[in-house]
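Breakdown of the fold
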Amino acid sequence: MIATTRALLATARALLALALLAVFYALVAAMVLLWAAFLVAALWTAGTPEATTPPTTVVTACAAMAPIVFGMVWAVIRTARPAAPREDAVTVTRRGAPELWRTVEELALDVGTRPPGHIKLTAEVNASVTEDAPLLGLAPGRRVLYLGLPLLAGLSPAELRAVLAHELGHFSGRHSRFGAVAHRGAAGLVAARQAIQDASAANELVRLYAGLPLLLLGLYTRLFRWLTRPVRRRQELEADREAARMAGPGAMADALCSTAALEVAWRDFLADFLTPMRRATGRIPDDPFRAFAHMVEAPEVREPMAVFRALAVERPADPDDAHPALAVRLERLARLPARGPGTGPFPSPDSPEPLSVQPRYAVELGRVLLSGPDAGTRVPWRDWLTELAEHRATRILTPLAEAVRGVEETEGMGRPKGEPGGEPDGEPERLTIDRVLRLLDGGRRMPLARALNARLPDAGLPNAAVPDAGLSDAGLSEGERMPRGDQPGQDPLAPLVEALAVLIGAQLVAQGTAYWAMNWTGPSILVPPDGIAPETIRTWADTAVRLPGQTQRLGLHLAALGVDERAPLPTTGRAGGTADGPVEGAKARRISIAPGATGPARRRIKAVSGLALTVLVVMTGWTFALWANKDEPSYPRIPVTRWNDRYQPGGGTGTDPAPYPTYQRPTFPETIPTYQPPLPPPIHIEPVIPRSTP
């Protein structure tokens with residue numbers, strides 16, 4: 001009974017949402033007709049003879065509303081028709097991924113629906129299905145399955161099959177029909193509102209009239225989403241049940257948690273590894289998804305991924321998201337009975353069959369993801385990982401070089417020009433181990449440590465408890481972090497020890513006796529020559545920094561390894577410079593952080609301004625032309641008898657002459673009375689001060 005009531009309520013909500021969508025389209029049509037009526041009325045009024053001045057107010061209002069009306073119409077047309085193929089997706093053929101196609105077709109047959117006609121790979125951690133059907137999605141059309149390539153790199157075979165079963169469950173439940181209508185309706189409302197916002201931002205005249213339409217569209221969008229959100233979330237839960245029937249509740253629950261963790265990891269990979277490396281060196285991997293898979297499979301990433309899975313369960317649902325909260329979905333899956341081993345179209349867990357695609361699809365999708373003139377130089381992804389490890393390890397050498405140069409200038413300890421080990425005139429002295437050791441021997445370790453700490457970025461505190469914390473933040477413990485030595489309660493010499501150890505390791509890597517191993521949750525790890533433990537070099541650096549007079553012993557160790565203390569780091573053409581800064585003549589990469597309008601935004605602004613100006617000029621010219629060429633108004637006149645031959649003075653219309661009219665002279669009285677004004681009364685003046693009597 002309760003399930004029937006909920007189903008009826010969901011159906012009522014869906015019908016009401018469809019009615020609201022139809023009303024929205026009707027309102028857009030009414031707005032177009034109203035705007036056209038005002039336009040015709042303005043032109044007709046300007047041409048009437050009674051118009052004394054052109055209707056400038058109506059013309060201005062119509063010109064200001066033109067971008068708003070046309071923007072809403074274009075938004076409705078764009079969302080009402082089937083969506084165009086995504087440009088950021090790569091189509092997978094049957095020959096390129098036979099296992100994937102065979103699995104999808106078997107799942108579609110088992111859930112009782114026809115398989116999708118196309119499978120396309122995307123660069124997002126998500127999977128979705130679309131049915132590009134006409135008539136707002138009410139008629140059947142072409143089915144497309146979009147599968148994020150990071151899911152192929154990070155999910156297990158059982159989890160990936162559960163995700164595919166969930167998406168095909170939307171087809172079997174015919175969710176794509178209402179989903180298409182709801183999605184396009186919401187997209188139409190959002191696009192219409194965005195069109196008005198763009199128009200108002202591009203033109204001051206449009207901004208004066210955009211307030212009321214924006215308010216109404218905002219309220220209408222909230223009402224539409226409030227009606228469609230429960231229906232779409234109910235459909236997601238139904239697809240979860242279908243996937244649990246096929247793959248088991250446990251596999252589906254693991255797939256949901258892993259997908260949420262992979263979404264955070266992928267975002268962190270792009271923001272903390274790919275983008276900084278691209279900006280610093282101009283080099284990108286040819287297959288970023290293989291590099292991401294290498295990160296996910298690293299042992300040090302297991303603990304952060306577990307943290308992400310736990311945080312995803314605690315995260316509430318987004319109000320604008322059609323998916324319920326992850327905790328709700330897991331609670332519903334826990335109620336379902338477990339699937340028996342060996343049942344269904346899936347292989348047993350002991351013999352998983354991985355689903356993969358040919359590497360060329362990943363390379364092609366990587367070119368789509370990282371495109372443009374400033375995309376960078378593409379290198380094999382394994383070489384890129386080696387360069388990334390070196391870049392992350394040697395980042396501290398740049399502030400070390402600046403600190404050494406600043407202390408030498410302050411203390412006057414720089415090597416004179418022309419001496420052995422010095423640089424030619426006009427060039428700054430490059431960073432060497434000998435320069436650091438000379439400052440330590442001279443008792444300048446604390447000034448050098450303070451100068452280095454001042455140039456290091458803030459390390460901050462561990463962010464493992466933050467829902468959106470990055471991979472490096474969640475995976476590092478407080479002891480593994482590189483703290484700034486100027487923070488209260490921290491060792492001020494620790495960064496200097498780390499920097500000296502990195503400088504020694506960079507010299508060993510330069511001569512080919514060591515290499516940097518990638519560590520995704522902290523600084524890269526130096527793999528020293530055979531016979532030396534990884535922590536030995538850091539112990540040498542710690543002793544040289546903390547104990548005065550121990551630099552000579554460090555020099556003996558370095559000489560035994562064949563390291564020249566006075567040799568600067570060789571220039572690596574990959575990064576375009578050294579630890580001291582960019583090499584002279586190297587092309588610097590320009591990175592702009594100032595906010596600005598993108599190319600499509602600039603084109604929209606120009607289109608809105610041009611449309612408003614065109615309508616204003618055309619209507620102004622047309623109105624003025626009608627007003628200037630209007631007919632003069634006619635006024636009623638008294639009929640006048642014209643002079644002709646038959647007219648006789650004195651009246652009459654016959655041939656006999658009529659007598660002339662006679663006028664009597666006015667008579668006046670013989671005596672004209674004269675007007676005499678009355679005399680004023682006599683005035684008696686008495687003195688104010690009485691006179692004395694004799």
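Please read all numbers here as calculations on a predicted model, not as lab measurements.

What counts and what doesn't
- Residues numbered from 1 in each chain as written.
- Predicted model: local features only at pLDDT ≥ 70, side-chain atom pairs only at ≥ 80, totals over all residues.
- Heavy atoms only, no water.
- Helix = DSSP H or I, 4+ residues; strand = E, 2+ residues; numbered from the N terminus.
- Buried < 20%, exposed > 50% of the residue type's maximum accessible area, 1.4 Å probe, protein only.
- Contact = heavy atoms within 4.5 Å.
- Areas by Shrake-Rupley, 256 points an atom, 1.4 Å probe, with all protein chains shown as cover.
- Expected span 1.5 Å × (residues − 1).
- Pairing = 2+ DSSP bridges.
- Phe/Tyr/Trp six-rings, centres within 6.5 Å; stacked < 30°, edge-to-face > 60°.
- Lys NZ or Arg CZ within 6 Å of the ring centre and 35° of its normal.
- Core = buried A, V, L, I, M, F, W, Y, C linked by side-chain atoms within 4.5 Å.
- Axes fitted to C-alpha atoms, helices over the stretch in contact; angles between N-to-C directions.
- Parallel < 35°, antiparallel > 145°, perpendicular 65-115°, else oblique.
- Left-handed = near helix turned anticlockwise from the far one by under 90°.
- Nonpolar A, V, L, I, M, F, W, Y, C, P; charged D, E, K, R; others polar.
- Salt bridge = Lys/Arg side-chain N within 4 Å of Asp/Glu carboxyl O.
- Patch = residues over 30% accessible without salt bridge, like charges linked within 9 Å, V, L, I, M, F, W, Y side chains within 5 Å.
- pLDDT = per-residue confidence, 0-100.

As a further point, take the overall build of the protein chain. Helix and strand counts for the protein chain stand at 23 helices and ten strands. Within the protein chain, the fraction of its 694 residues that count as buried is 40%. In the protein chain, 77% of the contacts between residues at least 6 apart in sequence involve partners at least 24 apart. When the accessible surface of the protein chain is split by element, carbon and sulfur atoms take 59% of a total near 39400 Å².

Glancing now at helix α6 (residues 157-172). For α6, built from 16 residues, the straight-helix expectation of 22 Å at 1.5 Å per residue is met to within 8% by its first-to-last C-alpha distance of 22 Å. Judged by how many residues are buried, α6 sits mostly within the fold: 13 of 16 residues are covered.

Attention shifts here to the pairing of strand β2 (residues 118-122). Where burial is concerned, most of β2 is hidden: four out of the five residues are buried. Here three bridges tie strand β1 (residues 90-92) to β2, and the two strands are oriented antiparallel to one another. Pairing of Val92 across the sheet is with Ile119, part of β2. Pairing of β2 with strand β4 (residues 142-148) involves five bridges; the strand directions are parallel. Bridging from a neighbouring strand, Ile119 pairs with Leu145 of β4.

Aromatic ring pairs are defined here through the distance separating the ring centres and the angle between the ring planes. All told, the structure shown has eight aromatic pairs when counted by the stated rule. Ring geometry for Trp266 and Phe289: centres 5.5 Å apart, planes at 10°, overall stacked. Of the two residues, Trp266 is situated in helix α10 (residues 249-281) and Phe289 in helix α11 (residues 288-296); the sequence distance between them amounts to 23 residues. Look at Phe269 and Trp520: their rings are 6.3 Å apart centre to centre, the planes differ by 50°, and that puts the pair in the tilted class. Taken together, the positions of Phe269 in helix α10 and Trp520 in the loop between β7 (515-517) and β8 (525-527) put the pair 251 residues apart, joining distant regions of the chain. On the accessibility criterion, Phe269 (0% relative accessible area) is buried. Ring pairing ties together the aromatic residues Trp266, Phe269, Phe273, Phe289, Phe292, Trp384 and Trp520, which thus form one cluster. Sitting over the ring of Trp101, Arg94 keeps its end group 4.2 Å from the ring centre.

Moving on to the nonpolar core. In terms of nonpolar packing, the biggest core is built from 121 residues, with Phe269 and Trp520 touching the most fellow members. Element by element, the count of residues in this core is highest for α10, at 16 residues. Grouped together as the second largest cluster of nonpolar side chains are 21 residues, Ala186, Ala210, Leu217 and Phe224 included.

This part takes up the packing of α6 against helix α9 (residues 211-247). The geometry of α6 relative to α9 is characterised by a closest axis approach of 8 Å and an angle of 125° between their N-to-C directions. In terms of orientation, α6 and α9 fall into the oblique class. Of the two elements, α6 crosses α9, and the hand of that crossing is right-handed. The segment α6 lies against α9, with Ala162, Ala165, His166, Gly169, His170 and Ser172 engaging Gln235, Glu236, Ala239, Asp240, Glu242, Ala243, Met246 and Ala247. Along the lines of polarity and charge, the residues of the contact of α6 with α9 split into six nonpolar, five polar and three charged.

Considering the arrangement of structural elements, one finds Val363 in helix α14 (residues 359-369). Looking at Val363, the relative accessible area reads 24%, which means it is partly exposed. Put simply, Val363 and Pro285 are 78 residues apart on the chain and 9.1 Å apart in space, counted from C-alpha to C-alpha. Look past the residues within four positions of Val363 in its chain and what remains in contact with it is Asp286 and Asp287.

Given 3.6 residues to a turn, an α-helix orients residues that are three or four positions apart in the same direction. For helix α17 (residues 433-441), the buried fraction is high: seven of the nine residues fall into the buried class. The set of residues buried in α17 consists of Ile433, Asp434, Arg435, Val436, Leu437, Leu439 and Leu440. Of the surrounding secondary structure, the elements contacted by the buried residues of α17 are α16 (397-411), α18 (445-455), α20 (494-510), α21 (536-546) and α22 (551-560). Backbone geometry just downstream of α17 places Gly443 in the positive-phi region, at approximately 75°.

Our next topic: the pattern of salt bridges. The tally for this structure, following the rule as stated, stands at 17 salt bridges. When the shortest N-O distance is used, the salt bridge between Arg335 and Glu331 registers 2.6 Å. For Arg335, a relative accessible area of 58% corresponds to the exposed category. Between Glu408 and Arg435 there is a salt bridge; the shortest N-O distance is 2.8 Å. You can see Glu408 sitting in helix α16 and its partner Arg435 sitting in helix α17, a full 27 residues away along the chain. For the residue pair Glu408 and Arg435, the accessibility class agrees, reading buried in each case.

On the basis of which strands lie adjacent, the open sheet formed by four strands has the order β1-β2-β4-β3 and mixed pairing. Every other strand in the sheet has two partners, leaving β1 and β3 (127-132) as the edge strands with one partner each. Each neighbouring strand pair of the sheet contributes to a mean axis angle of 30°, computed without reference to strand direction. Of the strands in this sheet, β3 and β4 are in contact with α6, which crosses β3 at around 25°. Of the strands in this sheet, β1 and β2 touch α14, which is tilted by about 165° from β1.

A contiguous nonpolar surface patch, about 420 Å² in accessible area, is contributed by Leu212, Leu215, Leu216 and Leu219. Locating Leu216 in the fold gives a position in helix α9.

Turning our eyes to something else, we now look at the packing of helix α3 (residues 98-111) against α9. Interaxial distance between α3 and α9 falls to 11 Å at its minimum, and their mutual angle equals 110°. The orientation of α3 with respect to α9, classified from their angle, is roughly perpendicular. Packed against α3, whose contacting residues are Leu107, Asp110 and Val111, the element α9 presents Glu242, Arg245 and Met246 at the interface. Residues belonging to the contact of α3 with α9 are distributed by class as follows: three nonpolar, no polar and three charged.

To continue, consider the confidence of the model for the protein chain. Looking at the protein chain as a whole, its pLDDT mean stands at 75, while 63% of the residues score no less than 70. This model gives residues 459-469 a pLDDT under 50, and the stretch forms 22 contacts once residues within four places in sequence are excluded. Ignoring residues within four places in sequence, the model shows residues 581-598, a span with pLDDT below 50, making 14 contacts including any to other chains.

This part is about the side chain of Arg329. Mapped onto the fold, Arg329 is located in helix α13 (residues 326-334). For Arg329, the residues in contact, after removing those within four places along its chain, are His166, Glu236, Leu237, Asp240, Leu256, His323 and Pro324.

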